[in-house]
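# Geometric and topological summary
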Amino acid sequence: MSFLSRSRLLALSSSVACFVPTLSAAQDTQSVFAIPAQKLTSALTAFSRQTGLHVAFNGKVADNLRSSPLYGKMDNFQALHKLIGKNAFKIDATNPNVIILSTKSGKKSKAAEAQSPDNLTVQGHRHELRTKRNFAGVVDSITYNDLSNLGGATSIAQLLTQLPGVTGIRNGDEPRYISVRGVSSDLNQTTLDGITLASISDGGSIRRRVNLQNIPAEMTGEDSIYKTFTAEQDGGAIGAVIEMNSRSAFDHKGLYKYINAYGIYGTEKGSAGANGIKGMSPHFGQGAKAVFSDRFGKNKEFGIVTSFRYQQRTRNTTKKWQEDSYNYFDKNGKVVSPNAPGAPGWNGMTAPRYVDGGSYSNALSTLGGATRLEWHPKDSGLTASVMGYAYQRWENSFMEHNEYLLDEAPGYKLHGKTHSITPAVIDQTPTSGREYIYRARTIGRKDNWKMNTNGVLGNLGWHDNISTLKLRAGYTWEDYFDHEPYVAARVYPNESPDSAVLADYTIDKNNVANLVKISDMNKLLHSGYTYQTVQQEYDRDHEGIVNVRLDYTRNLNANSHGFGFASGFEWRSLDATNSSNQLWYEPGGDASSSMFIPHMRNPNGPFFDLPNFPWDKQTLDAKKSRQYTELAYFRYKEQLFDGYVSLHYKWDHSELIAGVRADSVNFNSFVPETDSSSNATGNITKNRGGYINPLPSLTFVHEFPNNLRLHAVYSQSVGRPQPTDLAQAAQYSCGNSSDIQPGDINCSLSRGNPNLRPRQAQNFDASLDKFFNRGQGVVSVAYFNKIIKHDIYKTRSTELIDNELTYVTQPRNANSSTLMGVEVSFVDRNIKGPWNQSFDINASGTWMRGRMTYEGSGVSYKLHQLIEQPKYVFNGSVTWHIPQIRGAIKASFDYSAKYLEDLNDDPTQIDGYGSQPDLSLGAWHDITDDLRIKYEVYNLAGSHTRVYYGKHLNRLEAKENYGRSIYFELVYN
C-alpha cells in the first residue's frame, strides 16, 4: 500500500485538528458502535466516522488483517482495543490530534519507520461539514454513502433536495432540477470536477438548467451547493454554483467492491395492461448498481474507480384536469339563466361541464457507467486524472386522454323539429349525478424519447507547500431523440332517446369531477368519431460544451496566514442545435375503426390502438409539414472568456477576500427566415450579440470563541439569457391565434430577442455558524438578499406591423426583481440515545419573499413571488442507528410551498405547482459481514402533484397521482 507524504499528512492533520477534542476529553467519551467484522482498513474508517477521532496506521499491514465485530455503547479506546484485537498493532495515544497504531515489531528501527509520517495512512470520515467550515462563504454539502443513502433511484437531484433552501423541480415523481433559495434552476451553474456540463432540458428544449436526474449519485463523492460567490467561481449563477466531485480511488486503501441489486414495485397501475401495448408492466421493475475501486503500481500511485447502473421501473400515472366550467340547474333539472351560481331558481348544487382525465403507462430505463483513472506519484506534488462517463435514459410512454363536454341543455331533432330534454341532470346530489354527453374527445400519444449524457474530463495539478496550479479540460455533450405520434378524434353523439349517451360523475373534496360510468360505451364508440389531429414528430437535439480552465493559487492553504491570491482563466464553447421533422396529416375521416374499449374499472373512454395505427392510410399535408419542420430549427453558438483575480488576507481568526471576475460572452444564433405571413422561406438568418460584465466580490469571515463563525459576503453575478430566448424563429398569424383577443387587434407575433442583456444581480449574504460535537454538528442561520436588474420575462406589447395592430410576444429586459430570505439549518451526526441507540439528524427550513414586476397586455403587474420560488422550504433526514439489529432506519423528507412555473399576459391565468410534501423511508440490517438488506418506500405519504392557476395560485387545474415506489435491495460490500 502507498503512504501519505509528510506534507499531505501535516496538511490533513492541521485541517482536521479543529474537529478533534483533546486526548483527555476523548478518553472520557463514549460512542455507540455498529461495525461488523471486515477488513481492518475499512473497519478503522467506520470507527473514525462513528467517533470523530482520526487514526493513523500502516495500510500495508491493515489491508491483510480482519477486525473483530463491534456493537453497542462503550468507551472509545476500549472499543478500539476490541476492534483491532490481537492484531499486529499497538495504540499510541500521545498525539492529541491523531491516534497512531504502530506495528508490533521486535526491531526498533521498523517500529520507528512504521510511525514516521511518510509511512502512515490517516483514515477519517469525509465529513461534509469540513467543507462548510473551511469555505469563507456559505456552502452546504452532502456526501453519497453507498450503504446508508436511500439509493434505489437516487440521482444527484434527489440527493441535493436534503440540503437547506433547495426545492426539487419535479418531473413526475422525481426531482429533475433544483431551485436554490427561490431562484430559478435556469440560473444555477453546475459543474463536475470544475467542468461545466451540457444539458438538454424538458422535451429537448435548449436551456441553461442541468438535468440532474441524468447523473447517478454513485458516480460522485461529495457534492456542494455554493450559495455565495467569489471571483474564483463562474459568474453565471444567481441561485447557486452546484459543484459535483467524482469519486476517487484514493478514497480507499485498496480494492473496494460495492454491488447492489434490487427489485421495484410501483403501486400505481395507470393504463398498463389495458391499453393494448405489449410489454408494459403494471407494477414491477428492477435495477443494479456497482462500484469498483483499486490502486496499483509500485507505490500504489495509480488508481481506478468505475461505477455502473442499470434500472428499469414503471412510472404509471393517472391525471385529472379541472376545467373552470360548470353547469347550474334548478330543482327540475333545467339549466338556469344565466348558467351561473346564484341565478334565479338555482338548486344550490354544482354539476361539471367538463370532465377531463388521462391514464399513462410509462417504462423508464437507465443504463450507463463512469470510469476514472488517477495518478498520484509519490512525493512529487503532481496529480492527474482522466474520466469518461456515458449514460442513456429512455422512456416508453403512452397517454390515453379522454375529455367530455356535458350538455347543459340537451336536445335533438326529429322530423325537422327540435326537442329539448328535461331533466338535463338526473339523480343530482352535491357530489354526484348524471348528465348527457354533448361531445367526447379522445387523444392517444406515444412518446418514445431517449437521452444520451456523455463526458470526457481531464485534470492535471501540481502543488507544493505554498502554491497550487491546476489545469482542467473537458468536453461534455447530450443528445435527445424523440418519436412522438399524436392522434386525436372527437364525436358529437346524437341525444335522441335511442342514441343518447349519459355519464355518471362524482365530485371530490377538491371539486375535481371524475367519470365513474358511461351508460353505453359501445354506443359512444360507434357514434361517429372523426380524426381531429393526426401527427408524427421526430425530434433530434444536441448540445456540446468544450471547457478549459487554468487556476493558480499562492499561500491559500488551510493553515496559511497573511497575504495570498488566486488567479485564473476560463474558455468555454457551447454549440446547440434543435431540429424537428414534423409530419402532419389531413384531418377528417372515420376514426372508430382504430379505437377500442379498454378493460378498465374506471371507464374513462375509448382508447386508440396505437401499435396498429394505419399510418400508411393517412394523407400527408406536405405544405404544413414542411412549414412546421423548418420553423422548428435553430442553432446557437456561444463563446465565453473569463479571467479573475482574487486577493486574500488571513489573520489568526479572520479572513478577507476581495476579487473581480470579467465575464465576457459572444454568441451567434441561426434561425429560420420568415416572410410577412410567418411562412418559412427556406433561408437561415444569423444574429450576433455579446456582452462583458465586471463582477466584483467581497467576503469576510471571522471565527469567534466557542467555534462560532460569522460570514458576510457581497457579490455581483449574472444570469445569462436562455438560448431559446435568443434564437427563436418569428411566428406571425392573423385571425386564428389563441393569443389574439377580441377587439381591433387581429394579429399576433411571437419571436426571440437577440438583443437581450443578461440579468445582473447584487447578492448580499450573512450567516452565523455554530459548530459543536467535535465538528460533527452545526447550527446555522443565514440571511440573503438579491436585487436583480434586467430580469427577463416574456412580455406582450402592441406594435404596428404591415399597417396591422399586432400583439408582439417576446422576452424582454423590462423588469426588475428582488428576493430575500432567512435560512436555518441543524446538523448533528452522532446524537446519543437510550439503550445504545444513536441518531443522525439533518434538518432545515427556509423562508423567502420575492417581488417582481412584469408587463402584461399594456399593463404592469406586480407579483409577490418569483419563478420557481416557494415561500417556504423544509428539508432534511433522520437516521436511527440500532445496534441490536445491526442496522438502522432512515427517513428523508422535503416540503416546498406552492410556486410559479409560467407567467401569462393575464395574471389570472398564470400557473404553477401546489405545495408538495414528500416523505421516504428506508431501513437496513446486516445479515452477514458482507451482505446487507435494505427496504425503501418512496412517497410514503402518498402525496399528489397538483397544478394551480390564478394570480395567487388558488384555483386547481390538474392533479397527478404517481403512487408509491417500494424497493427491496441486496447489497454486497
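Everything quoted here is computed from the prediction, not taken from an experiment.

## Points about the nonpolar core
Core analysis: the largest hydrophobic core is formed by 33 residues, its most contacted members being Leu 160, Ile 178, Leu 192, Leu 212, Met 219, Ile 225 and Tyr 389. Of all the secondary-structure elements, those providing two or more residues to this core are α8 (156-160), β9 (174-180), β13 (241-246), β14 (256-266) and β21 (382-406). Sorting elements by how many residues they give to this core places α8 first, with four residues. Not counting residues within four places of it along the chain, the set of residues in contact with Leu 160 comprises Ile 142, Val 166, Ile 178, Leu 212, Asp 223, Ile 225 and Ile 242. If you look at the next biggest cluster of nonpolar residues, it comprises 31 residues, including Val 355, Ala 363, Ala 489 and Ile 518.

## Here we look at the pairing of strand β15 (residues 284-296)
Judged from the ten bridges that link them, β14 and β15 form a sheet pairing that is antiparallel. In the sheet register, Ile 264 faces β15, and the bridge partner there is Gly 285. As judged from the eleven bridges shared by β15 and strand β16 (residues 302-314), these two strands associate in the antiparallel manner. Considered in β16, the bridge of Ala 288 is made with Tyr 310.

## Let's talk about helix α5 (residues 76-84)
When we look at burial in α5, the residues that qualify are Asn 76, Phe 77, Ala 79, Leu 80, Leu 83 and Ile 84. One side of α5 carries all its buried residues, which in axial view fall inside an arc of 155°. With its phi angle positive at about 55°, Gly 85 sits one or two positions after the end of α5.

## Some words on unusual backbone geometry
For the bond from Ser 337 to Pro 338, the omega torsion is -5°, close enough to zero to count as cis. Inspection of the secondary structure puts Pro 338 in the loop between β18 (326-327) and β19 (351-352). Cis geometry marks the peptide bond from Thr 422 to Pro 423; its omega dihedral reads 5°. Following the sequence through the fold, Pro 423 ends up in the loop between β23 (417-420) and β24 (425-429). Notably, Lys 300 is not glycine yet its phi reads approximately 55°, a positive angle. Along the chain, Lys 300 turns up in the loop between β15 and β16. Residue Lys 300 is classed as partly exposed on the basis of its relative accessible area, which comes to 23%. Although it is not a glycine, Trp 835 adopts a positive phi angle of roughly 55°. With respect to the secondary-structure elements, Trp 835 resides in the loop between β41 (804-832) and β42 (838-855). The exposure class assigned to Trp 835 is exposed, which follows from its relative accessible area of 72%.

What counts as what
- Residues numbered from 1 in each chain as written.
- Predicted model: local features only at pLDDT ≥ 70, side-chain atom pairs only at ≥ 80, totals over all residues.
- Heavy atoms only, no water.
- Core = buried A, V, L, I, M, F, W, Y, C linked by side-chain atoms within 4.5 Å.
- Buried < 20%, exposed > 50% of the residue type's maximum accessible area, 1.4 Å probe, protein only.
- Helix = DSSP H or I, 4+ residues; strand = E, 2+ residues; numbered from the N terminus.
- Contact = heavy atoms within 4.5 Å.
- Pairing = 2+ DSSP bridges.
- Arc of directions from axis to C-beta.

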